[in-house]
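Tertiary structure, described
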Amino acid sequence: MAMTETFYEVMRRQGITRRSFLKFCSLTATALGLEPALAGKIAHAMETKPRTPVLWLHGLECTCCSESFIRSAHPLVSDVVLSMISLDYDDLIMASAGHQAEAILTEIREKYKGNYILAVEGNPPLNQDGMSCIVGGRPFVEQLKEVASDCKAVISWGSCASWGCVQAAHPNPTQATPVHEVITDKPLIKVPGCPPIAEVMTGVITYMLTFDRIPELDRQGRPKMFYGQRIHDKCYRRPHFDAGQFVEDWDDEGARKGYCLYKMGCKGPTTYNACSTVRWNNGVSFPIQSGHGCIGCSEDGFWDKGSFYDHVTNTHVFGIEANADRVGIAAAGTVGVAVTAHAVASAVRRIKQGAGEHHEENDKT
Amino acid sequence: MSVQTPNGFELDTSGQRIVVDPVTRIEGHMRCEVNLDENNVIRNAVSTGTMWRGLEVILRGRDPRDAWAFTERICGVCTGTHALTSVRAVEDALGIQIPENANSIRNIMQLTLQAQDHLVHFYHLHALDWVDVVSALKADPKATSELAQSISDWPLSSPGYFRDVQNRIKRFVESGQLGPFMNGYWGNPAYKLPPEANLMAVTHYLEALDFQKEIVKIHTIYGGKNPHPNWLVGGVPCAINVHEAGAVGAINMERLNLVSSIIDRTIDFIDKVYIPDLMAIASFYKDWTYGGGLSSQAVMSYGDIPDRANDSSAANQMLPRGAIINGNLAEVHDVDLRDPEQIQEFVAHSWFSYADESKGLHPWDGVTEPNFVLGPNTKGTKTRIEEIDESAKYSWIKAPRWRGHAMEVGPLARWVIGYAQGNPEFKEPVEKVLTDLQLPVSALFSTLGRTAARGLEGSWAAHKMRHFQDKLMANIKAGDSSTANIDKWDPKTWPKEAKGVGTTEAPRGALGHWIVIKDGKIDNYQAVVPTTWNGSPRDPAGNIGAFEAALLNTPVAKADEPLEILRTLHSFDPCLACSTHIMSPDGEELTRVKVR
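Owing to the predicted nature of the structure, the values given are computational and were not obtained by experimental measurement.

**Examining the UniProt feature "binding site: Ni(2+)" (unreviewed entry) in chain B**
Per the UniProt entry, the sites bearing "binding site: Ni(2+)" (unreviewed entry) are B:Cys75, B:Cys78 and B:Cys575 in this numbering. The greatest C-alpha distance among the annotated residues, which extend across 501 residues, is 8.5 Å, indicating that they converge on a single site. Relative to the assigned elements, B:Cys75 resides in the loop between helix H2 (67-72) and helix H3 (81-94). The contacts of B:Cys75, once residues within four sequence positions are left out, are A:Cys62, B:Glu27, B:His82, B:Cys575, B:Ala577 and B:Cys578. Structurally, B:Cys575 can be placed in the loop between helix H15 (563-571) and helix H16 (576-579). The contacts of B:Cys575, once residues within four sequence positions are left out, are B:Glu27, B:Gly28, B:Cys75, B:Val77, B:Cys78, B:Arg508, B:Pro530 and B:Thr531.

Printed below as a string of structure tokens:
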């Protein structure tokens, strides 16, 4: 790895001044919601670290996560791929195919044992002997386990990898299974959403590169910095909710005045995501701003919670003091799911060694 | 060992077998096997869809108004097109008329997808089949600048600009961490571009990567996000309010101006970067005439982009509707998606079972029961396939046929049909390309023809966005701000039973959703998608599908580097998550396998 360049060197030789570089670091800190003092730490990391290999595997999915990732505006995805990480395997964009592609997995596993990130988009199906998702003539689940065995950490991109998503909706004919149920011995970060917001995806990666650790996670394994609050908590239409001003029908006067979409089935009150703050596609809009309620696409099992146009009635929706874990458990509504959530939370705690102090403020009511 | 297929192709399985799995730079999972003769020419081709998710059975019993969200997740690359098809199917079933503004906004969103998806396909999924990244390092930036300025007035074209990009690529390569370019087929003799053309194309690869995310902001404005914007049965969810208080919560003047500016920039980028690059690259590959397959024989399009709302006649569709068979361009047949004799799906070579597999079924009567079995001549095991046996079942894709014919769908099919119908919007650009490149009409029926038609369509789509945005503005100015019809929003207003069909022309081709509604719930849902047509396995009669036909008779420069195979497969822009069907409408429980 003698030829490996640091991120800072890459930026400098592209004609970026040190002053601009430091500005970039401070903007990155702001984008990540970090205190300004941490900009220096980001700068130091960027100056000294080689690019971390990322192996991006695809199971049963629709590729919306990859498509979202390439929409990232800050940082630009071209900068991420050329200068920040080494995206050595991603079957959506990689030049090679067939055995030349498979050879890359072997090479990176050996050369960077314990030092590469496994990013998973989609999930493994276990019915049909695992053969409803075939890669290289074998079940995808085998490839997933092999590549996971030597990785440093796993990122579960999107709701497929995190929860199962649409193919796992009832009756889940392929037994599509979220990644954490198959890979249980590695630090794992869930970045749910269908898809996740582009800048959240690159934000999570940049955080890991900068601080050399996984971000602080909530009990369900999601980064608190992006999934710590409900969409409803920061929704710009919230004052209309509080004032009792609602859209009652599509395209009615309330819709034209931008009233609250709660009565149209908006799942913002029970959905933990950054849509109402980061917004989508470089901050252009987000579903509620464009007139449709949130469908709750970053929540576990959101496909099986009734129609997208039904009112949210099965959980406590008032006030901003409730937290992701409590609402998640309450909304799940059954003991079985709550127990699962607890088991996952325990597993996350176990793997969080080295992730710094474990702040619990979001866990308090 | 040679056999003739009913649709006129000769297959010979005697030569060396080559396996490509995974096929990369596509959506989803796919495998391809070919037999090469002693001259490394492809004499047999086998295309296998290697994933299956079961979305249609998941839809059973759900609210039809929710179906767009489920079906949208069939594919995140052609995001939105399944959702549009779905709301059209529900509206067809329930007889819902949509406002004119909703039709314009839907068309703008569908055209946004066409423009962005074609651009991303060309640069990020297909270009590396023609462009040698490593060769770009040898280019003279000054000569590259001259080349770029000779074909376009795109302003980013100075020698210094190309030198900077070249330096960036050089240092990237020298770092030893090649990322997505690792193990590419650099230096393969099938690459024909001079270093300067390679550098220009690589530069635009990066520019297009940055620009494509701008185009989709139109989805974000009207649909709230991209990928996977929001849709609505009865219209569109975004209300319009340009005059009054509260406009910040609706489509207002600022939003409309933002859409308008993105449309202008999209037209600019496609016409000044994408099209000139396409023409420049094509000019170096004029002699590579392979990959035509079914395109000169059997093509089909359902038509799309209705000019006026609620008029599904062929004459009202801006993309053509029709079918050409037996290579007879003089006759374009009408296509009727409701006719049980026209579109049928077969499963004799698919991992599904029918009671009688010699027959096909129309989608409204569709049955899809999984049956993963391998033929007796398979090499390997059930979970470690080395070579597949195409004489038996060999794909998760069904075999759809139109009146028994295997059909090609997609941009080339649409443009061939538009050309055959004499529509100047299609005929004139096609003739200009052929004249500029000094090629005969027959050159259209090739891998490169497919790639060129997609480019022309990207430009066509961008300009049509302008048409519909202007139409939207004119309608608002005339006092109509309506975006949704809620007369039949309440399921109580619905008939006890209804069935409908919705269609679009997705970026990859003809897309149809068939829905049966009973007691306010989905009783049956079937989707027949573009890659089901193009990637179909053989049917009981032995007709081969478009992928397999297109690969035949192509020479491969190096048998262990599948560059030509990728080139032709990519020209279809395969989408495997779309193409793979589902299990039985009964949705019976399958054996559960324990997590190891």
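**Regarding the interface of chain A and chain B**
Taken together, the contact between chain A and chain B spans 86 residues of the former and 96 residues of the latter. The set of elements that each furnish at least two residues to the side of chain A that touches chain B consists of helix H4 (64-69), helix H5 (77-84), strand E2 (85-90), helix H6 (98-111), strand E4 (134-135), strand E5 (138-139) and helix H12 (253-256) of chain A. Among the elements that line the side of chain A that touches chain B, the one with the most residues is H6(A), at 5 residues. Broken down by class, the residue content of the side of chain A that touches chain B amounts to 41 nonpolar, 28 polar and 17 charged.

**A look at the UniProt feature "binding site: [4Fe-4S] cluster 2" (unreviewed entry) in chain A**
Residue and element names in this part refer to chain A. Here the UniProt-annotated "binding site: [4Fe-4S] cluster 2" (unreviewed entry) positions come out as His232, Cys235, Cys260 and Cys266. For this annotated set, covering 35 residues, all C-alpha atoms fall within 11.4 Å of each other, a compact arrangement in space. Locating His232 in the fold gives a position in the loop between helix H10 (224-227) and helix H11 (238-242). Overall, His232 belongs to the buried group, with 25 C-beta atoms counted inside 10 Å. What His232 contacts, discounting residues up to four positions off in sequence, is Arg238, Gly268 and Pro269. With respect to the secondary-structure elements, Cys260 resides in the loop between H12 and helix H13 (324-332).

**Description of the sheet that holds E2(A)**
All names here are of chain A. Across the sheet, which stays open at both edges, the 5 strands sit in the order E2-E1-E3-E6-E7 with parallel pairing between neighbours. If you trace the sheet from one side to the other, it starts and ends with E2 and strand E7 (188-191), each paired once. Neighbour-to-neighbour, the strand axes of this sheet turn through a mean angle of 20°, independent of strand direction. With 5 bridges connecting them, strand E1 (residues 52-58) and strand E3 (residues 117-121) associate as parallel partners. The residue bridging Leu55 from the neighbouring strand is Leu118, located in E3.

**A closer look at helix H4 (residues 100-126) of chain B**
Residues and elements named next belong to chain B. Counted at 1.5 Å a residue, the expected span for H4 with its 27 residues is 39 Å, and the 37 Å between its end C-alpha atoms agrees. The sharpest bend along H4 comes to roughly 25°, located at Val120. A large share of H4 lies buried, amounting to 25 of its 27 residues.

**Considering the UniProt feature "domain: Cytochrome-c3 hydrogenase C-terminal" (unreviewed entry) in chain A**
Feature annotation in UniProt assigns "domain: Cytochrome-c3 hydrogenase C-terminal" (unreviewed entry) to the following positions: residues 227-308 of chain A. Structurally, residues 227-308 of chain A comprises 12% helix and 0% strand, and the distance from its first C-alpha atom to its last is 21 Å.

**Here we look at the domain arrangement of chain A**
All names here are of chain A. You can read the domains of chain A as domain 1 (51-225) and domain 2 (228-333). Placing the centre of domain 1 and that of domain 2 at their C-alpha centroids yields a distance of 28 Å. On the domain 2 side, the residues contacting the 18 residues of domain 1 number 17 residues. Counting only elements with at least two residues in the side of domain 1 that touches domain 2, the list comes to helix H9 (198-211) and H10.

Cut-offs and rules
Residues numbered from 1 in each chain as written. Chains lettered and ligands numbered in written order. Predicted model: local features only at pLDDT ≥ 70, side-chain atom pairs only at ≥ 80, totals over all residues. UniProt positions renumbered as here; feature names shortened; annotations may be inferred. Helix = DSSP H or I, 4+ residues; strand = E, 2+ residues; numbered from the N terminus. Contact = placed C-beta atoms within 7 Å. Nonpolar A, V, L, I, M, F, W, Y, C, P; charged D, E, K, R; others polar. Buried ≥ 20, exposed ≤ 12 C-beta atoms within 10 Å, placed from the backbone. Pairing = 2+ DSSP bridges. Axes fitted to C-alpha atoms, helices over the stretch in contact; angles between N-to-C directions. Expected span 1.5 Å × (residues − 1). Bend = angle between axes of the 7 residues up to and from the residue. Domains from an automatic or database assignment.

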